[in-house]
Amino acid sequence: MDFQELLVHVDQALSKDDVKALLFLCTDIVVRDLSSLGSAKELFALLQDQDLLSAERPFLLTELLTIIHRTRLVRQLGLSGSTTSISPYRMLLYELSEGITEEDLKKIKFLLREKLPRKKLEKTTTLEVFLEMEHKDLLNETKLNLLEEIMKPVCPMLQNKIKHFTEQNETNRGPVTQETGTGRSQSTSDLSVSNQMPLPKVSERRSSCEISINFGEHLRPCHCSEGPQPLAQLSSLSPSNTSLDIPRVPDTTDEAQSAALSLLTIKKGNSAASKEKSGVENSGPGHCPTAAETNKEVVGKYPMVGVKRGFCLIVNNYDFSNSIKQLNNREGTDIDQRCLEKVFKWLGFEVETEKNCARDKMLSVVQKLRTMDHSQMDCFVCCILSHGQDRGVFGVDGQEVQLKELTEPFSALQCPSLREKPKLFFIQACQGTYEQQAVCIQSDGPVCSDAQVPKNSIPADADILMSMATVPHYVSYRDKKQGSWFIQLLCQNLVQMVPSGYHLMDILTKVNADVSQKTDSYGEKKQMPQPAFSLRKKVVFPIPRERPPSLP
């Protein structure tokens, strides 16, 4: 039978309770409210629409049927493969519901009578009670204390299950998550760098126009489509699309960068020699370890021993001709794409490139990668090259994708096979419409800017890094013939510094320094990248055996 007939067969074989269980288990992985669905067919259609279920990838169906103990049905239909799309938290609640009798449920409803509306407790199943508790913010993955208290007099064995899960969860979660107490509440403002540039006065803000400086030509302003707006409205502005193409001048920083890198390598070697020497001279009883020696012991490294390094997704949005917003095509972005492909393949990643993605396509690609098995991988990388604003990045249709929609699917909760593994996001997009004083080549934003979300861009989940091309509220720059400043210097520094054993934050700090030195031929424009992270260990890529790729 074909796959659609198979789904119909599954729908006919499931009871109403089975369907409710499937809807409950899929609560976290489907981007919509499932309460209105009444059959398995409707759920399967929704999963197919969101590219979570197909004839080529029936693994989610296998997982769901296995969880609800319909293994005989799995065998009859010849379903195979496995995935870990359903969160351990959601499976815990389902297992608890399976151990609760009708009498137990009455006791639970009685104990919750002061916390939940009585109407909500009438004719509800155990899973529906759990959902109502979640809606009232009485229950989530890190808030199980109330449920544990209720289970104590009702069924002590189930209370022990909750206790064991809580202990296991606290072990798996990183320090950032434990401090906040929730899985997704920390904002970028908590993680931003201390030397972030101040916001300019309102008079410094560019209007929504395109400024083009073609090679060998003078500055030509185009017609403005909007005037200045108050700074207080910054977060809700329709972003400007400022595009600056600058005549290229000889880059005098190349030699300085090479010299600085050589100096870094020499210093690193001398430092190692000094430590070896000091280990002999200062190893007596009175020796007090230095901060560097202490950090060496307490800051670990993420394991990099997998069969593959990991998946690397590159989304390259160039053609905005059909956008609902006034957005220019992003000349020069293909150079960034080629450099990223070369570098991450060299580092051992399986690279997948998607070009000219509308909003729905971007989210579909993210969901596809989220449901894949990363258990044999060391980490995950996502590079987005697009226009943007202070709330996200744009699809080629002009529809916005918030950065949290890109990061949250790969959190430990939604993608368990990436738990405790680094998830690295590199975003070439403006975060606003302001131009930093004193560099310019071309902005990527609503007529050309490349942006980030100043809030919610980094979930509180551990092991995530978000490296932005620029700080909040400012544009980033892209050369039409040589690519963007940020991506080009990121690729160059990865190629130069990975073979010397530097960890990723050292490399990104060097990228910050190099980008901050860039300027246009007039010395007027500046750009400052900004990494924000909840990493718990150092990211050190193994030194590739192949020779480094040649870059522009």
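Check the entry above for the structure.
Read on for a plain summary of the structure. (Residues numbered from 1 in each chain as written. Predicted model: local features only at pLDDT ≥ 70, side-chain atom pairs only at ≥ 80, totals over all residues. Heavy atoms only, no water.)

This paragraph deals with helix α10 (residues 145–154). Three or more residues of α10 are buried, namely Leu146, Leu147, Ile150, Met151 and Val154. Taken around the axis of α10, the buried residues stretch over an arc of 130°, which confines them to a single face. The exposed residues of α10 that point more than 90 degrees off its buried face are Glu149, Lys152 and Pro153. (Buried < 20%, exposed > 50% of the residue type's maximum accessible area, 1.4 Å probe, protein only. Helix = DSSP H or I, 4+ residues; strand = E, 2+ residues; numbered from the N terminus. Arc of directions from axis to C-beta.)

Looking now at the sheet that holds strand β4 (residues 349–355). Backbone hydrogen bonds are what pair the strands of a sheet, in a parallel or an antiparallel way. With mixed pairing, the 6 strands of this open sheet are ordered in space as β4-β3-β5-β9-β11-β15. The outermost strands of the open sheet, each flanked by one partner alone, are β4 and β15 (530–533). If you compare each strand with its neighbour and ignore which way they point, the axes differ by 15° on average. Here 7 bridges tie strand β3 (residues 308–316) to β4, and the two strands are oriented parallel to one another. Of the residues in β4, the one forming a bridge with glycine 310 is phenylalanine 349. Contacts from helix α16 (residues 359–371) reach β3, β4 and β5 (377–385), with the element oriented near 160° to β4. Most of the contacts of helix α18 (residues 485–497) go to strand β9 (residues 423–428), to which it runs at about 140°, and overall it touches β5, β9 and β11 (464–468). (Pairing = 2+ DSSP bridges. Axes fitted to C-alpha atoms, helices over the stretch in contact; angles between N-to-C directions. Contact = heavy atoms within 4.5 Å.)

Before going further, it helps to examine the packing of helix α6 (residues 88–98) against helix α9 (residues 126–135). Two numbers describe how α6 lies on α9: the axes approach to 9 Å, and their chain directions differ by 140°. Between α6 and α9, the crossing angle belongs to the class labelled oblique. Crossing handedness for the pair α6 and α9: right-handed. Listed contacts from α9 to Tyr89, Arg90, Leu93, Tyr94, Leu96 and Ser97 of α6 are Thr126, Leu127, Phe130, Leu131 and Glu134. Class assignment for the residues of the contact of α6 with α9 results in 7 nonpolar, 2 polar and 2 charged. (Parallel < 35°, antiparallel > 145°, perpendicular 65-115°, else oblique. Left-handed = near helix turned anticlockwise from the far one by under 90°. Nonpolar A, V, L, I, M, F, W, Y, C, P; charged D, E, K, R; others polar.)

Turning to the pattern of salt bridges, a few remarks are in order. Side chains that differ in sign of charge can pair as their charged atoms come close. Summed over all chains, the structure comprises 16 salt bridges. We note a salt bridge from arginine 536 to aspartate 463, for which the minimum N-O separation is 2.9 Å. You can see arginine 536 sitting in the segment after β15 and its partner aspartate 463 sitting in the loop between β10 (436–437) and β11, a full 73 residues away along the chain. Lysine 510 is the salt-bridge partner of aspartate 514, the closest N and O atoms lying 3.1 Å from each other. (Salt bridge = Lys/Arg side-chain N within 4 Å of Asp/Glu carboxyl O.)

For the rest of this paragraph, the subject is the sheet that holds strand β7 (residues 392–394). Strand order in the open sheet made by the 3 strands is β6-β7-β8, with antiparallel pairing throughout. Since the sheet does not close on itself, it has two edges, and those belong to β6 (388–389) and β8 (400–402), each with one partner. As paired elements, β7 and β8 share 3 bridges and run antiparallel to each other. Looking at β8, one finds that valine 393 is bridged to valine 401.

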